[in-house]
Amino acid sequence: MNKRLFILLVILMSLSLIGIIFVQFYWIKKSVEDKEEQFSNAVTEVLNKVTDKIEGRERKDYSERYLNEKDSIGELKAANFTNIMFGYRDFDSNELRVYEHGILEEDYNIPYTFFDTNSGDTTTIKSYTSKRKTTVLKEDFGLDGKEYNLTPIQYYEKIDGLSSLEKAAFEDVFSELAKKVPIHERVSKQEIELLLNRELGNRNIDTEYEYGVYSRGLPTKVKSRRFKYMLNKFYEAPIFLDSEGNSNFSLLISFPKKKRFLISSILGLAILSLLFTLVIVASYSGAIYQLIKQKQISEIKSDFINNMTHEFKTPIATINLAVEAIRNPKVIDDKDKVVRYLQMIRDENKRMHAQVENVLRISKLEKNQLDISKDRVDVHDIVQDAIAHVELIVADRGGYVETHLNATRTEVLANEMHFTNVVVNILDNAVKYSIEPPKIDVSTELVKNNIIIKVQDQGAGMSKAVLKKVFEKFYREHTGDIHNVKGHGLGLAYVKKIIDDHQGEVYAESEKGKGSTFYIKLPLI
């Protein structure tokens, strides 16, 4: 994939993901705001219902007291009946409609003092009853057109109390008198709590609340124990309105855990939304990681193919030259030269075969197809055998390999061939990456029930970034010319696979320009 196209796709995908996350958080914020608005409307409705019921209960109390006082007096002191009649004729239907409205005024001599006021007023309260009557008469003319009869076809009447206007005037009397009664006698905390609990429960508002009745911003005795007057932190509704719609008192209610309640109401959907968003983020991150990983693997494989091609070109060229030399009539009769050229062909062929075997061995290890049998072996013998494989090369470059085999217990359960290859690979790396004559120290020590083999060199060393990837397959550090050190990035990957199969550990410490130290840790028998 083109590098620019890859970067463009990553940017577009990242912007899309950020947009999705932004939309999710905006939706959650908007949901909380909508819930808060619904909550405010519901609480306002609750307060209005509660104040209406309290005012209705007070009016009913005064009415009952009035009726009881009226019944206790018994004898009617005075009565007056006023009747108004009105009629009109409908010529289209030959109907005559007659309306009557009578008002009965009864005086039981009930003074205002029954409200326990000290006004000194001797005016009495009177009872009014309204009687409404409607009659519809049909006009029937005689055959000669001179006589007619009125036949009633509808008749109904209604007897009740005062009209709504008269009732309002009557209730205004009580409200004015009730103003002089202390607020804690007009309504109790128990009544407010009972009504609030009922109305809040009807609207599924199940959270703690505090309330208080305030008079022009000042607290009264009617309030809950923990109620605090905090500006913009409560809901308010007037209570005990007079005939003009004014009141000195307000019922206040606050919800200390409102935010928690609102969030809990959408918590399920919010968690699902966040969960799906996290899944998308995780999937996106995984996809980007895999894309980058695949891109790196593609580059590493290309590097591997280039290196493999380069490694094969030299022995193939050497073999071709040796074959051509042998075919020369002057050389074919020289037995010593023929033997030497044949040995060169054999060595180069063995070299290519070893490279192919490395690739196949790693492939089999990854597929768990490599049968690794384990026997009791001595670690010191393995180390000495591995050193023998590289000591000639080291000596040829003017270097040395020193041993410090201090472990007193050395037997482990391992495959002799593969374990030897592991040590050889590490020693071979120490030689290849030593710019100057190789200086290698190999030591062993015991740590609890494990033996540790330490291979320390004074070569080029590795950066921290390289150190993290040094055991990955095909990975090789680029140093400008990728062919300056022969290899395919398979040696240390093979080392890790084998040590893992032996239930051991392999790790490295290194600093650029100061050499590297490799550690192999295996459990003792």
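Residues numbered from 1 in each chain as written. Predicted model: local features only at pLDDT ≥ 70, side-chain atom pairs only at ≥ 80, totals over all residues. Heavy atoms only, no water.

1. Focus on the confidence of the model for the protein
Phase 1 of the analysis: Confidence in the prediction of the protein, expressed as mean pLDDT, is 78, and 76% of residues score 70 or more.
Phase 2 of the analysis: In the predicted structure, residues 480–485 sits below a pLDDT of 50 and forms eleven contacts with residues beyond four places in sequence or in another chain. (pLDDT = per-residue confidence, 0-100. Contact = heavy atoms within 4.5 Å.)

2. As for the pattern of salt bridges
Working definition: two side chains of opposite charge can pair if their charged atoms are close together.
Phase 1 of the analysis: Following the criterion strictly, the structure yields 15 salt bridges and no others.
Phase 2 of the analysis: Put simply, Lys-257 and Glu-208 hold a salt bridge, and the shortest N to O gap is 3.3 Å. Of the two residues, Lys-257 sits in the loop between β8 (249–254) and α5 (258–265) while Glu-208 sits in the loop between α4 (189–202) and β5 (210–215), which places them 49 residues apart along the sequence.
Phase 3 of the analysis: Exposure remark for Lys-257: the relative accessible area of 32% places this residue in the partly exposed category.
Phase 4 of the analysis: By relative accessible area, which is 43% here, Glu-208 ends up partly exposed.
Phase 5 of the analysis: Where salt bridges share partners, they join Glu-45, Lys-53, Glu-199 and Arg-203 into one cluster. (Salt bridge = Lys/Arg side-chain N within 4 Å of Asp/Glu carboxyl O. Helix = DSSP H or I, 4+ residues; strand = E, 2+ residues; numbered from the N terminus. Buried < 20%, exposed > 50% of the residue type's maximum accessible area, 1.4 Å probe, protein only.)

3. A few points about the sheet that holds strand β14 (residues 505–510)
Phase 1 of the analysis: With mixed pairing, the five strands of this open sheet are ordered in space as β10-β12-β13-β15-β14. In this open sheet, the two strands that pair with only one neighbour each are β10 (400–405) and β14. Neighbour to neighbour, the strand axes of the sheet diverge by 15° on average, direction disregarded.
Phase 2 of the analysis: Both β14 and strand β15 (residues 516–523) contribute to a ladder of six bridges, which runs antiparallel. Each bridged residue has a counterpart across the sheet, and for Ser-510 the counterpart in β15 is Ser-516. (Pairing = 2+ DSSP bridges. Axes fitted to C-alpha atoms, helices over the stretch in contact; angles between N-to-C directions.)

4. Considering a negative patch on the surface
Phase 1 of the analysis: Together, Asp-375, Asp-381, Asp-385 and Glu-416 give the surface a local cluster of negative charge.
Phase 2 of the analysis: Note that Asp-385 resides in helix α9 (residues 379–396). (Patch = residues over 30% accessible without salt bridge, like charges linked within 9 Å, V, L, I, M, F, W, Y side chains within 5 Å. Areas by Shrake-Rupley, 256 points an atom, 1.4 Å probe, with all protein chains shown as cover. Lys, Arg positive; Asp, Glu negative; His and termini not counted. Charge placed at Lys NZ, Arg CZ, Asp CG, Glu CD.)

5. As for the sheet that holds strand β7 (residues 235–239)
Phase 1 of the analysis: Reading across from one edge, β6-β5-β8-β7 is the order of the four strands in this open sheet, with antiparallel pairing throughout. The strands lining the two open edges of the sheet, one partner per strand, are β6 (218–223) and β7. Going from strand to strand, the sheet's axes swing by 35° on average, the running direction of each strand aside.
Phase 2 of the analysis: Pairing of β5 with β6 involves three bridges; the strand directions are antiparallel. Paired with Gly-212 across the bridge in β6 is Lys-223.

6. Looking at the side chain of Ser-254
Phase 1 of the analysis: Tracing the backbone shows Ser-254 in strand β8.
Phase 2 of the analysis: In contact with Ser-254, not counting residues within four places along its chain, are Glu-208, Tyr-209, Glu-210, Phe-227, Lys-233 and Phe-234.

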